[in-house]
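Observations on the three-dimensional arrangement
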Amino acid sequence: MSEHSLDDPDLRETVRRRYAAAAVKVTEGGSACCGPQAVEVDENFGSTLYASDERDELPAEAVAASLGCGNPTAVAELREGERVLDLGSGGGIDVLLSARRVGPTGKAYGLDMTEEMLALSLANAAKAGATNVEFLKGAIESVPLPANTIDVVISNCVINLSTDKSAVFAETFRVLRPGGRIGVSDVVADDSLTTPQRAERGSYVGCIAGALSFAEYRQGLRAAGFTDIEITPTHQVADGMHSAIVRAVKPMSSERVVSIGPASVEPGTCCGGTASGCGCSD
């Protein structure tokens, strides 16, 4: 997979600044008389991809901060009691929807590298009265959770922003329990498009230039150890670029051992529901 280096500080900072600004815009709008204004996106991205009844049951700030290209909670087939991890959780919309689906015996984790988004998501969880959620600060290339502890990993148009997607796939595989699965919405390119052609269709932070092709996505998941890989396009977001639903499974019996990142933070010890508890480091 041809992609930028994980150590590209300029690109990562550009992505961080864009999402920090989005969080600040929503937070400041929430204190205005007319309520929070949705972050500017076109019809292919954002809260319009969620059903109206889902939007209505969440804090307005969580809905307004939605920048994704799909609705992963609608395809992940979440069940009561499951533990869910949302990679790049933003304002918390998918974490809060997941928390409702898995119920009080389950738990939903949100992972984000942006302080402003974490603060917004914690406020949204408090407004929603969600007690089975936890937000972690960190990079999706190095997940601060132990191996074999998560039932389902979801993500909404965030993996394409990573500068090291191989690490994301490996970390996702590591934290999933055997038999665990992913249900991801992401932007995927036609196999015929070169990397420069993808870049011509949009910026990296706009979720376009960093997209893998269908073949590259399958190859990356397969290399990490996943099976039962399905990539289903849902709608076109640019010429030859598609929002797609990605599903895959970690085999019940696997000798593959993946260890990337610290994996030393036990569930319940980081960013556990209050802003003062958000002390995890990247």
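Numbers given for residues are sequential positions, taken from 1 along each chain in its written order. Local features in this predicted model are restricted to residues of pLDDT 70 or higher, and side-chain atom pairs are both shown and tallied only at a pLDDT of 80 or more, whereas totals for entire chains, interfaces and linings draw on every residue. To obtain the side-chain values, all non-hydrogen atoms of the structure were included, while hydrogens and water were left out.

1. Looking at the packing of aromatic side chains
Aromatic contacts are taken between Phe, Tyr and Trp rings whose centres are within 6.5 Å, Trp giving its six-membered ring; a plane angle under 30 degrees counts as stacked, one over 60 as edge-to-face, and the others as tilted. Inspection of every chain in the model, using the stated rule, returns two aromatic pairs. Aromatic pair F169 and Y217: ring centres 5.3 Å apart, planes at 50 degrees, arrangement tilted. Of the two residues, F169 sits in helix 6 (residues 165-175) while Y217 sits in helix 8 (residues 214-224), which places them 48 residues apart along the sequence. When sorted by exposure, F169 lands in the same class as Y217, which is buried. Here the aromatic rings of F173 and F226 are separated by 5.2 Å at their centres, their planes lie at 90 degrees, and the arrangement is edge-to-face. Taken together, the positions of F173 in helix 6 and F226 in the loop between helix 8 and strand 7 (227-238) put the pair 53 residues apart, joining distant regions of the chain. With a 1.4 Å probe rolled over the protein chains alone, any residue whose accessible area is under 20% of its type maximum counts as buried; one over 50% counts as exposed, and the rest are partly exposed. Overall, the relative accessible area of 1% leaves F173 in the buried class. Accessibility expressed as a relative area gives 3% for F226, which makes it buried. Placement of a charge over a ring requires the Lys NZ or Arg CZ to be within 6 Å of the ring centre, with the centre-to-atom vector within 35 degrees of the ring normal. The ring of F173 has K250 lying over it, and the distance from NZ or CZ to the ring centre is 4.8 Å. Helix numbers and strand numbers start at the N terminus; a helix is a DSSP run of H or I with at least 4 residues, a strand a run of E with at least 2.

2. A closer look at the environment of E116
Inspection of the secondary structure puts E116 in helix 5 (residues 115-128). Here E116 falls in the partly exposed class, since its relative accessible area comes to 29%. Between the C-alpha atom of E116 and that of G91, which follows or precedes it by 25 residues, the distance is 9.0 Å.

3. Focus on helix 5
Note that an α-helix has 3.6 residues per turn; residues three or four places apart therefore point the same way. Here, expected helix span is obtained from the residue count minus one, scaled by 1.5 Å. The first and last C-alpha atoms of helix 5 sit 20 Å apart over 14 residues, in line with the 20 Å expected at 1.5 Å per residue. For helix 5, the set of buried residues is M117, L118, L120, S121, L122, N124 and A125. G129 sits one or two positions beyond helix 5 and adopts a positive phi of about 70 degrees.

4. A closer look at the side chain of D86
Tracing the backbone through its elements, the reader meets D86 in strand 1 (residues 83-87). His is not counted, nor are the chain ends; Lys and Arg add positive charge and Asp and Glu add negative charge. Any Lys or Arg side-chain nitrogen found within 4 Å of a carboxyl oxygen on Asp or Glu counts as a salt bridge. The side chain of D86 is buried and forms no salt bridge, while R101, the nearest opposite charge, is found at 12 Å. In what follows, a contact means two residues having at least one pair of non-hydrogen atoms within 4.5 Å. Excluding its chain neighbours within four sequence positions, the residues that come into contact with D86 are D94, V95, Y109, G110, L111, I154, S155 and N156.

5. Digging into the pattern of salt bridges
Within this structure, the stated rule accounts for nine salt bridges. Residues E115 and K137 are paired through a salt bridge, measuring 2.7 Å at the closest nitrogen-oxygen approach. Here K137 lies in strand 3 (residues 133-137) and E115 lies in helix 5, a separation of 22 residues in the sequence. According to the relative accessible area criterion, E115 is partly exposed, its value standing at 39%. Close ionic contact of R174 with E171 constitutes a salt bridge, the shortest N to O distance being 2.6 Å. Remark: E171 and R174 occur in helix 6; sequence separation between them is three residues, near one turn of the helix. Taken as a pair, R174 and E171 share a single burial class, namely buried. Among the charged side chains, a network of salt bridges with common partners joins R79, E82 and R181.

6. Quick look at the side chain of K250
Along the chain, K250 turns up in the segment after strand 8 (241-249). Buried within the structure, K250 lacks any salt-bridge partner; E171 is the closest side chain of opposite charge, at an N-O distance of 9.9 Å. Any pair of N or O atoms that falls within 3.5 Å is considered a polar contact. Within protein, one atom must be able to donate a hydrogen and the other to accept it, and sequence-neighbouring residues count only if both atoms are side-chain atoms. There is a polar contact of 2.9 Å between the side chain of K250 and the backbone oxygen of F173. In this structure the side chain of K250 is engaged in a polar contact, spanning 2.7 Å, whose partner is the backbone oxygen of L176. Among residues more than four places away in sequence, those in contact with K250 are N148, F173, R174, L176, R177, P178, G179, G180 and F226.

7. Description of the nonpolar core
For our purposes a nonpolar core is just a set of buried Ala, Val, Leu, Ile, Met, Phe, Trp, Tyr and Cys residues, chained together by side-chain atoms within 4.5 Å. L85, I182 and Y217 are the most contacted members of the largest nonpolar core, which has 30 residues in total. Counting residues per element, the ones that place at least two in this core are strand 1, strand 2 (107-112), strand 4 (150-156), helix 6, strand 5 (176-189), helix 8 and strand 8. Leave out the neighbours within four places in its chain, and I182 touches V153, T172, L176, L221, F226, V246, R247 and A248.

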